[in-house]
Amino acid sequence: MATNTEVTRRGSSAAKEAGAGLTSQGTWTAEGPIRPPVDVWEDKDGITLCADMPGVSKDRLNVRVDGNTLIVEGQLELELSKDAEALYADVRSSLYRRSFALSGELETEKIEANLKHGVLTVRIPKRAELRPKKIEVKVG
Amino acid sequence: MFGIPMPGSVFDDLWRLQQEVDELFGSWSAPLGIRSLPRGSFPAVNIGQTPERVDVYLFAPGIDPKSLDISLQQNLLTVSGNREIKIEEDVDYYRQERFGGEFRRVMSLPEDVDPDRVQAKYADGIVQISIERRESARPRQIQIH
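A short tour of the structure in this document, coming up. (Residues numbered from 1 in each chain as written. Chains lettered and ligands numbered in written order. Predicted model: local features only at pLDDT ≥ 70, side-chain atom pairs only at ≥ 80, totals over all residues. Heavy atoms only, no water.)

What follows deals with the overall build of chain B. Tallying secondary structure elements over chain B gives 1 helix and 8 strands in all. Across chain B, helices and strands are ordered from the amino to the carboxyl terminus as α-β-β-β-β-β-β-β-β. When each of the 145 residues of chain B is scored for burial, the buried share is 41%. Taking the contacts inside chain B whose residues are at least 6 apart along the sequence as the reference set, 50% of them involve residues at least 24 apart. (Helix = DSSP H or I, 4+ residues; strand = E, 2+ residues; numbered from the N terminus. Buried < 20%, exposed > 50% of the residue type's maximum accessible area, 1.4 Å probe, protein only. Contact = heavy atoms within 4.5 Å.)

Where the residue is not glycine, phi is negative for most of them; where a peptide bond is considered, it is trans in most cases. Omega for the peptide link from Phe42(B) to Pro43(B) comes to -10 degrees, which places this bond in the cis form. Relative to the helices and strands, Pro43(B) resides in the loop between helix H1 (11-25) and strand S1 (44-49). We note that His117(A) has phi near 50 degrees; this positive angle belongs to a residue other than glycine. Take His117(A): it is sitting in the loop between strand S9 (112-116) and strand S10 (119-125). Located in the positive-phi region is Asp124(B), a residue other than glycine, with phi close to 50 degrees. As for its position among the elements, Asp124(B) is in the loop between strand S7 (113-123) and strand S8 (126-133). Given the relative accessible area of 32%, Asp124(B) is considered partly exposed.

Our next topic: the pairing of strand S8 (residues 95-101) of chain A. Residues and elements named next belong to chain A. Judged by how many residues are buried, S8 sits mostly within the fold: 5 of 7 residues are covered. Two strands pair when backbone bridges link them, and strand S6 (residues 69-75) and S8 are joined in this way by 7 bridges, in the antiparallel orientation. Its bridge partner being in S8, Thr69 is matched across the sheet by Ala101. (Pairing = 2+ DSSP bridges.)

What follows covers the sheet that holds S7(B). Spatial ordering of the open sheet is given by S7(A)-S1(B)-S2(B)-S8(B)-S7(B), a layout of 5 strands whose pairing is antiparallel. The open sheet terminates on both sides in strands that have one partner only, identified here as strand S7 (85-89) of chain A together with S7 of chain B. Each adjacent strand pair in this sheet contributes to an overall mean axis angle of 20 degrees, direction not counted. Both S1(B) and strand S2 (residues 53-59) of chain B contribute to a ladder of 6 bridges, which runs antiparallel. Bridge pairing in S2(B) links Val45(B) to Leu58(B). (Axes fitted to C-alpha atoms, helices over the stretch in contact; angles between N-to-C directions.)

All names here are of chain B. According to the stated counting rule, one finds 5 aromatic pairs over all chains in the structure shown. Measuring from ring centre to ring centre gives 6.4 Å for Phe99 and Phe103, while their planes differ by 70 degrees; the resulting arrangement is edge-to-face. Take Phe99: its relative accessible area is 29%, and that puts it in the partly exposed class. Three or more aromatic residues link up through ring pairs in this structure, and these residues are Phe42, Phe99 and Phe103. (Phe/Tyr/Trp six-rings, centres within 6.5 Å; stacked < 30°, edge-to-face > 60°.)

Turning to the sheet that holds strand S3 (residues 69-73) of chain B, a few remarks are in order. Sheets are built from strands paired through backbone hydrogen bonds, the pairs being either parallel or antiparallel. All names here are of chain B. Spatially, S3-S4-S6 is the arrangement adopted by the 3 strands of the open sheet, whose pairing is antiparallel. The sheet terminates laterally at S3 and strand S6 (101-108), the two strands that pair on one side only. This sheet shows a mean twist of 10 degrees between the axes of neighbouring strands, independent of strand direction. Across 8 bridges, the pairing between strand S4 (residues 76-83) and S6 is antiparallel. By the bridge assignment, Leu77 is partnered in S6 with Met107.

Right, here's the structure in full:
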């Protein structure tokens, strides 16, 4: 989240109003990081998060837990020619970032992440002792 | 990871890449094509050009590229397909933001693209379609005799 702090500290108010973001290079871009769309669901053993992050390869992906916050970051990479100029652009930033607050029953040390074809899947298991237990009723 | 710049580190490469994409597409602003879709439509599209070719980038994560229908008629590029998102059973959903279902996008490219010289590849959820431009349209050096 260091880059966000930089924006707050160094960004002019006009740029902030325009939703501008500061890259690590110190150059202004039209927009801040891309907020990837996600699906989140829960089953009895844990929570699964799926995020669309096209253009991110494994070595440019960063999934981490900071305190109780899950942070998902990725660097978009396109194969560009040196002398290319833009004709059209839906995507105007090269950094994906999104974060989620986790709760105490989740086992953050056992988070698993998998990236395939630009889709990130993060599995966050619940602590075994805190999973819902089925209570059997004995007939006696 | 993307915090404090450290000159000479392996991260230089990352910043260079980031700057290239941001410089090229970050400040893009031009009149919209009549067939353009609102931003947020699936798949997102970026288009870059050089004197030699036009590169179309389709942001299509989690799609079998063979299921995509890509066609180029003169300078109109049409992409259609179906993105199937598996819906889990016996779970509770909190968010369902990812696009699922059928999609179609039509892009109007520069008129000098050559429909016979097209290449497409898929990596990390991005389809890159490279279309060569006709020689006659390229800028030529004019010799003074």
